[in-house]
Amino acid sequence: MKLEKITCSDMREYNYVDDIIALGERYPMSEFAIQAHPSKFSANMPRYVWFDTLMHAARDTDVNLAMHVNSEWRTELCHGRIPYELHRMWDMKRANGKPIIRRVQININGGKEKYRFYADKVSQIIRAYPDIEFIFQYTPAQATRLQKLDKTGAKFSMLFDASGGRGVSPDAWQAPVSKKHKMGYSGGLSPENIADNLAKIDALLPRNYKTWIDAEGKLKTTDTKQFDVARAKLYIQNALKYVLEH
């Protein structure tokens, strides 16, 4: 197993931009993902303004930033339409000409909303942003949609998260289901259990298989339920310790 990214999800406007930048610069394998949906991330809302500030601060750095798209915006993308707020941020570039947001995860498995998935239109969006890696949640319920997207020739990655973003550990991790699309892993990961879960995931993967891990809920404080930079740092450190030892 070759771990490429250690993703920390759902930091928000109550976090200091400088803290995220410092953590990202200290640990180059780390990645920080914002949760984007119109009820909290529309233009001029606090979270949107905060992440815009973070993006500008990251412009001259190698800090890895990502976006996880949910709810109505997820549906818009699956119908082939890119909301303005997302389009604007995906087009923002670093000093070297590369996108500031390097990966976009479209959470097709979350929520109760029923919607159509137009694989050909989604493929067009992916092709329009060749420097951004697009990720889709993989579950058996979403397999048909992803198979249709695969047939379009689109490049994309998959995230195994059977809990649908609820932060619940699976009974068993899923071996890769495709040789063409790499798979990452999420669900109940924490600073305390990351080493044990990496060992289980590692056992399923070929020696040089490129993957990533993504934690969210268990990076938050127990009282305020806010993203905790200190817990994120410990999660990153413990994941890196496993990598170095194995």
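The preceding data block contains the structure.
Quick caveat, the model's predicted, so the values are computed rather than measured.

Visitor: In this structure, what is going on with empty space enclosed by the protein? I would like to understand it.
Guide: To locate leftover empty space, one rolls a probe as large as a water molecule over the atoms. Following the criterion strictly, the structure yields 1 cavity of 30 Å³ or more and no others. Roughly 30 Å³ of volume is contained in the largest cavity. Taken together, Thr7, Glu31, Ala66, His68, Arg103, Gln105, Ile135, Trp212 and Asp214 make up the full set of residues lining the largest cavity. Listing elements by their share of the lining of the largest cavity, those giving two or more residues are β3 (64-69), β4 (101-106) and β8 (210-215). Of the residues contributing to the lining of the largest cavity, the split by class is 3 nonpolar, 3 polar and 3 charged.

Visitor: What exactly am I supposed to notice about the pattern of salt bridges here?
Guide: Note that side chains of opposite charge can pair when their charged atoms are close. This structure, assessed with the given rule, holds 14 salt bridges. One salt bridge in this structure joins Glu31 and Arg103, with 2.8 Å as the shortest N-O distance. Note that Glu31 is positioned in strand β2 (residues 30-36) and Arg103 in strand β4, a separation of 72 residues in sequence. Note on Arg103: relative accessible area 4%, which makes it buried. Put simply, Lys182 and Glu133 hold a salt bridge, and the shortest N to O gap is 3.7 Å.

Visitor: I keep staring at helix α1 (residues 17-26) and nothing clicks. Help me out?
Guide: Three- or four-residue spacings in an α-helix give side chains the same orientation, since the helix completes a turn every 3.6 residues. Three or more residues of α1 are buried, namely Val17, Ile20, Ile21, Leu23 and Gly24. Along the long axis of α1, the arc covered by the buried residues comes to 165 degrees, so they all point the same way. Residues of α1 that are exposed and point more than 90 degrees away from the buried face comprise Asp18 and Arg26. Considering only its buried residues, α1 is in contact with β2, α3 (46-58) and α9 (229-245).

Visitor: I'm lost on helix α7 (residues 143-151) in this one. Help?
Guide: Here α7 has its buried residues at Ala143, Arg145, Leu146 and Leu149. For α7, the buried positions fall inside an angular range of 160 degrees around the axis, keeping them on one side. Every exposed residue of α7 that faces more than 90 degrees away from the buried side is listed here: Lys148 and Lys151. Contacts made by the buried residues of α7 are with α6 (119-128), β5 (133-138) and β6 (157-160).

Visitor: Help me out: how do you make sense of the sheet that holds β4 in this one?
Guide: The strands that make up a sheet pair up through hydrogen bonds in the backbone, lying either parallel or antiparallel. Strand order in the closed barrel formed by 8 strands is β1-β2-β3-β4-β5-β6-β7-β8, and the pairing between neighbours is parallel. With direction set aside, neighbouring strand axes in the sheet form an average angle of 30 degrees.

Visitor: Teacher, can you tell me more about the packing of aromatic side chains here?
Guide: Two numbers describe a pair of aromatic rings. These are the distance of the centres and the angle of the planes. Counted by the stated rule, this structure contains 10 aromatic pairs. With 6.1 Å between their ring centres and 55 degrees between their planes, Phe41 and Phe51 make a pair best called tilted. Here Phe51 lies in helix α3 and Phe41 lies in helix α2 (residues 38-41), a separation of 10 residues in the sequence. Judged by relative accessible area, which is 0%, Phe51 ranks as buried. Arranged with centres 6.3 Å apart and planes meeting at 80 degrees, the rings of Phe41 and Trp73 form a pair that is edge-to-face. Here Phe41, found in helix α2, pairs with Trp73, found in helix α4 (residues 71-78); they are 32 residues apart in sequence, far enough to count as distant. Grouping residues by exposure puts Phe41 and Trp73 together as buried. Above the plane of the ring of Trp212 lies Arg103, whose end atom (NZ or CZ) is 4.6 Å from the centre. Positioned above the aromatic ring of Tyr118 is the side chain of Lys121, whose terminal nitrogen or guanidinium carbon lies 4.8 Å from the ring centre.

Conventions adopted
- Residues numbered from 1 in each chain as written.
- Predicted model: local features only at pLDDT ≥ 70, side-chain atom pairs only at ≥ 80, totals over all residues.
- Heavy atoms only, no water.
- 1 Å grid on protein atoms, 1.4 Å probe; cavity = no way out; pocket = protein on both sides within 12 Å on 5 of 7 lines; lining within 4 Å.
- Points joined across faces, edges and corners; volume = space filled by probe spheres on them.
- Helix = DSSP H or I, 4+ residues; strand = E, 2+ residues; numbered from the N terminus.
- Nonpolar A, V, L, I, M, F, W, Y, C, P; charged D, E, K, R; others polar.
- Salt bridge = Lys/Arg side-chain N within 4 Å of Asp/Glu carboxyl O.
- Buried < 20%, exposed > 50% of the residue type's maximum accessible area, 1.4 Å probe, protein only.
- Arc of directions from axis to C-beta.
- Contact = heavy atoms within 4.5 Å.
- Pairing = 2+ DSSP bridges.
- Axes fitted to C-alpha atoms, helices over the stretch in contact; angles between N-to-C directions.
- Phe/Tyr/Trp six-rings, centres within 6.5 Å; stacked < 30°, edge-to-face > 60°.
- Lys NZ or Arg CZ within 6 Å of the ring centre and 35° of its normal.

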